[in-house]
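Spelled out, the chains give:
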Amino acid sequence: MQSGKLTAAEIIALSKEHTFFPWVAQQSVDPLAIDRGEGVYLYTVDGDRILDFNSQLMSVNIGYGDRRVAEAIGEQAAKLGFVQPGFVTEPRARLGRKLAEIMPGDLDKVFFTLGGAEAVENAIKLARQYTGRYKILARYRTYHGATMGALSLTGDPRRWGNEAGGGGGVVRYPDTHRWGEKDPRPVEESLQGLEDVIRYEGPHTIAAVFLETVVGGNGILIPPDGYIQGVREICDRYDLLMVADEVMAGFGRTGRWFAVDHWDTVPDLMTMAKGLTSSYLPLGAVAMRRHVAAAFDDRPYSGGLTYNSHAVSCAAAVATIGVYEEDGLIENAARMGKVMRAHHERLYDKHPSVGAVRNLGLFGTIEVVRSRDPFTPMAPYNGTSDEMRALAGHLREHGLFTMVANHMVHTNPALCVTEAQLEEGFAILDAAFEITDRAVGA
């Protein structure tokens, strides 16, 4: 073993020997050793360039290597790294004020965490303590995080291995999109399904309705117009809290500051993370409307975190929001979203294995199918296939990173992406779909 800089092989070997990887069998891990990033590109220790078409986990929204954020982190770390949450710092104050300016409606107070799952955990606590009720409504095609409370809300198969010790009180209501169907269900049907569950469970027992505004990892499921507004109306009518999970969809990903802005809706609670610091440092938050915050003016909130309002993370977030504004990244996401839609449509027209495409801003996905009619995904639910493995291998071999999950290929580049970079990425995808086209039945 060298005493100086490690080689790629040494980094991989040491990481596999001494560190534990999430969501996978450890012997199947085949990681890349990354050295640095710049814009939408990563560079391996061996010097290979990779176009990141997923912003890692839909999170590096401003792109890699922004000196403004790095310098803000360094300056704050040198000045003051940490104080306990009972103290306050300038970055905390500035960030709270800035978030109040950009969040919808009267969401103007935030509880800081270190990630999205912790934000969801505290949203659950806030909802239950505010209402005095226990039940939480959530959907199947959703992911809210890997901590126990957040995982109990999660509907996708990632919850299965932990249900025995998970939190109780979670009741499922219908999704807008059923797995294995191209299009969403009619708005009236989905809203009626939610109202039926509320009626059957008893609104007096329910604290909140949780939803990912635009579902992320389960397929970039964009709700049909009228659905988000309908959920808000139902929550108001039955006196329930509406909780919007914007961990993935927030901070410009959809071409607006927050996805709920597309439907002019204000949730009672809203969770965020990822793009809050563009993942330069861990930070999350749960925002609350004034009436929710005011309920705790005269009684304590039973919840806390050692690293609540961490000064260096808050400084990173202030700088990141500054980059969004200075570089017009929210507007660029909206513009490039139209370019992405055109690329999606060309792939759909050319490749019979492309069964569905959708995006809102730079939040997009491609569904790969064996048949469009009947609509038959290229991989089973919670599974993969030889064709999808071959497609993923082609992308890796040709220098494109993105999330390939079940039968879906995500397209979620950083908000600083250019038309030329989108063209570069979609050219690689275009060639990859030749592989899956061969599996399409005539």
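Not measured: the values here are computed from a predicted model.

Student: Looking at this structure, I do not really get the overall build of the protein. What am I missing?
Tutor: Scanning the protein for helices and strands turns up 13 helices and 16 strands. The C-alpha atoms of the protein give 22 Å as radius of gyration, which agrees with the globular expectation for 442 residues (22 Å, within 12%). Its C-alpha atoms put the protein at 60 × 55 × 45 Å along the principal axes. Expressed as a percentage of its 442 residues, the buried residues of the protein come to 55%. Summarising the internal contacts of the protein: among those between residues at least 6 apart in sequence, 72% fall at separations of at least 24. In the protein, which carries 44 positive and 56 negative side-chain charges, the distance between the mean positions of the two groups comes to 2 Å.

Student: How should I be thinking about the packing of helix H11 (residues 329–350) against helix H13 (residues 419–437) in this particular structure?
Tutor: Running from N to C, H11 and H13 cross one another at 20 degrees; their axes reach a closest spacing of 11 Å. When the axis of H11 is compared with that of H13, the two are roughly parallel. Note on packing geometry: the crossing formed by H11 with H13 is right-handed. Contacts between H11 and H13 pair Met-336, Val-339, Met-340, His-343, His-344, Leu-347 and Lys-350 from the former with Glu-419, Leu-422, Glu-423, Phe-426, Asp-430, Phe-433 and Glu-434 from the latter. Residue composition of the contact of H11 with H13, by class: 7 nonpolar, 2 polar and 5 charged.

Student: Would you mind showing me how to read the sheet that holds strand E2 (residues 41–44) here?
Tutor: Pairing between sheet strands relies on hydrogen bonds along the backbone, with the strands arranged either parallel or antiparallel. Spatially, E1-E2-E3-E14 is the arrangement adopted by the 4 strands of the open sheet, whose pairing is mixed. Two strands bound the open sheet, and with one partner strand each, they are strand E1 (34–38) and strand E14 (400–401). Lying over the sheet, H13 contacts E2, strand E3 (49–52) and E14, oriented at roughly 95 degrees with respect to E3.

Student: What exactly am I supposed to notice about the environment of Trp-23 here?
Tutor: Position of Trp-23 relative to the elements: it lies in the loop between helix H1 (8–18) and E1. Setting aside residues no more than four positions away along its own chain, Trp-23 makes contact with Tyr-143, Ala-146, Leu-151 and Arg-158.

Student: Please explain the nonpolar core as it appears in this structure.
Tutor: Within soluble globular proteins, side chains that are nonpolar tend to cluster in buried spots. Formed by 62 residues in total, the largest nonpolar core has its most connected members in Leu-99 and Phe-251. Element by element, the count of residues in this core is highest for helix H10 (residues 311–326), at 8 residues. The contacts of Leu-99, once residues within four sequence positions are left out, are Val-110, Phe-112, Phe-251, Met-272, Leu-276 and Ile-321.

Student: What's the story with the packing of helix H4 (residues 90–102) against H10 in this structure? I'm lost.
Tutor: The interhelical angle for the contact between H4 and H10, taken along N-to-C directions, is 40 degrees, at an axis separation of 8 Å. Taken as axis vectors, H4 and H10 run oblique relative to one another. Note that H4 runs across H10; the crossing there is left-handed. Here Pro-91, Arg-92, Arg-94, Leu-95, Lys-98, Leu-99 and Ile-102 of H4 come into contact with H10, specifically with Ala-311, Cys-314, Ala-315, Ala-317, Val-318, Ile-321 and Glu-325. Tallied by class, the residues present in the contact of H4 with H10 amount to 10 nonpolar, no polar and 4 charged.

Student: Help me understand the pattern of salt bridges in this model?
Tutor: A side chain with one charge can pair with a side chain of the opposite charge if their charged atoms come near. Tallied over the full model, the rule gives 28 salt bridges. Residue Lys-5 pairs with Asp-35 through a salt bridge whose shortest N-O separation is 3.9 Å. Here the residue Lys-5 occupies a position in the segment before H1, and Asp-35 occupies one in strand E1, the gap between them amounting to 30 residues. The exposure class assigned to Asp-35 is partly exposed, which follows from its relative accessible area of 41%. Note that Asp-236 is salt-bridged to Arg-232, the shortest N-O span being 2.8 Å. Pair noted here: Asp-236 and Arg-232 are both in helix H8 (residues 227–238), with a separation of 4 residues, about one helical turn. Take Arg-232: its relative accessible area is 11%, and that puts it in the buried class. Connected via shared salt-bridge partners are Asp-106, Arg-232, Asp-236, Asp-268 and Arg-289.

Student: Sorry if this is basic, but what is going on with H4 here?
Tutor: Count 3.6 residues to each turn of an α-helix, and residues three or four apart come out pointing the same way. When the terminal C-alpha atoms of H4 are compared, their 19 Å separation across 13 residues agrees well with the 18 Å that a helix rising 1.5 Å per residue should span. Those residues of H4 not exposed but buried are Pro-91, Leu-95, Leu-99 and Ile-102. Taken around the axis of H4, the buried residues stretch over an arc of 70 degrees, which confines them to a single face. For H4, exposure combined with an orientation more than 90 degrees from the buried face picks out Ala-93, Arg-97 and Glu-101.

Student: Can you help me understand the pairing of strand E4 (residues 107–113) in this one?
Tutor: On a regular strand, one side chain projects to one face of the sheet and the next to the other, so that they alternate. With 5 of 7 residues buried, E4 lies mostly within the body of the structure. In this sheet, strand E10 (residues 284–289) lies alongside E4 in antiparallel orientation, the contact comprising 6 bridges. Of the residues in E10, the one forming a bridge with Phe-111 is Val-286.

Student: Please clarify how the sheet that holds E10 should be interpreted in this entry.
Tutor: Taken in spatial order, the 7 strands make up an open sheet running E4-E10-E9-E8-E7-E5-E6, and their pairing is mixed. Of all the strands in the sheet, the pair left with one neighbour each is E4 and strand E6 (170–172). Sheet twist, expressed as the average angle between the axes of neighbouring strands with direction ignored, equals 25 degrees. Examined bridge by bridge, strand E5 (residues 135–138) and E6 share 3 bridges and lie parallel to one another. By the bridge assignment, Ile-136 is partnered in E6 with Val-170.

Student: When you look at the environment of Asp-66 in this model, what are you seeing that I'm missing?
Tutor: Position of Asp-66 among the secondary structure elements: in the loop between helix H2 (55–58) and helix H3 (67–79). Sequence separation between Asp-66 and Thr-320 is 254 residues, and the spatial gap between their C-alpha atoms is 9.0 Å.

Basis of the calculations
- Each chain carries its own residue numbering, running from 1 in the written order of its sequence.
- A pLDDT threshold of at least 70 governs which residues receive local features in this predicted model, and a stricter bar of 80 or more applies before side-chain atom pairs are shown or counted, although totals over entire chains, interfaces and linings include all residues.
- Calculated side-chain values reflect all of the structure's heavy atoms, with hydrogen atoms and water omitted.
- Only DSSP runs of H or I covering at least 4 residues are called helices, and only runs of E covering at least 2 are called strands; the numbering of each starts at the N terminus.
- A radius of gyration in this sense is built from C-alpha atoms; the matching globule rule multiplies 2.2 Å by the number of residues raised to 0.38.
- Relative accessibility decides the category of a residue: with a 1.4 Å probe and only protein chains considered, values under 20% of the type maximum give buried, values over 50% give exposed, and everything between is partly exposed.
- By definition, residues are in contact when any of their heavy atoms lie within 4.5 Å.
- For the charge count, each Lys or Arg is scored as positive and each Asp or Glu as negative, with His and the chain ends excluded.
- Lys charges are placed at NZ, Arg charges at CZ, Asp charges at CG and Glu charges at CD.
- Angles shown run from 0 to 180 degrees and are taken between the N-to-C directions of axes, each axis being a line fitted to C-alpha atoms and, for helices, limited to the stretch in contact.
- Throughout this description, any angle smaller than 35 degrees is read as roughly parallel, any larger than 145 degrees as roughly antiparallel, any in the 65 to 115 degree range as roughly perpendicular, and the remainder as oblique.
- Crossing handedness follows the turn of the near helix against the far one: under a right angle anticlockwise gives a left-handed crossing, and clockwise gives a right-handed one.
- By the convention adopted, Pro, Cys, Tyr, Trp, Phe, Met, Ile, Leu, Val and Ala count as nonpolar, Lys, Arg, Asp and Glu as charged, and the other residues, Gly among them, as polar.
- Strands are treated as partners if at least two bridges between them are detected by DSSP.
- To qualify as a nonpolar core, a set must consist of buried Ala, Val, Leu, Ile, Met, Phe, Trp, Tyr and Cys residues joined through side-chain atoms within 4.5 Å.
- A pair is scored as a salt bridge if a Lys or Arg side-chain nitrogen falls within 4 Å of a carboxyl oxygen belonging to Asp or Glu.
- Given a helix with a known number of residues, its expected span is that number minus one, times 1.5 Å.
- Note that the arc is computed from the directions linking the helix axis to the C-beta atoms.

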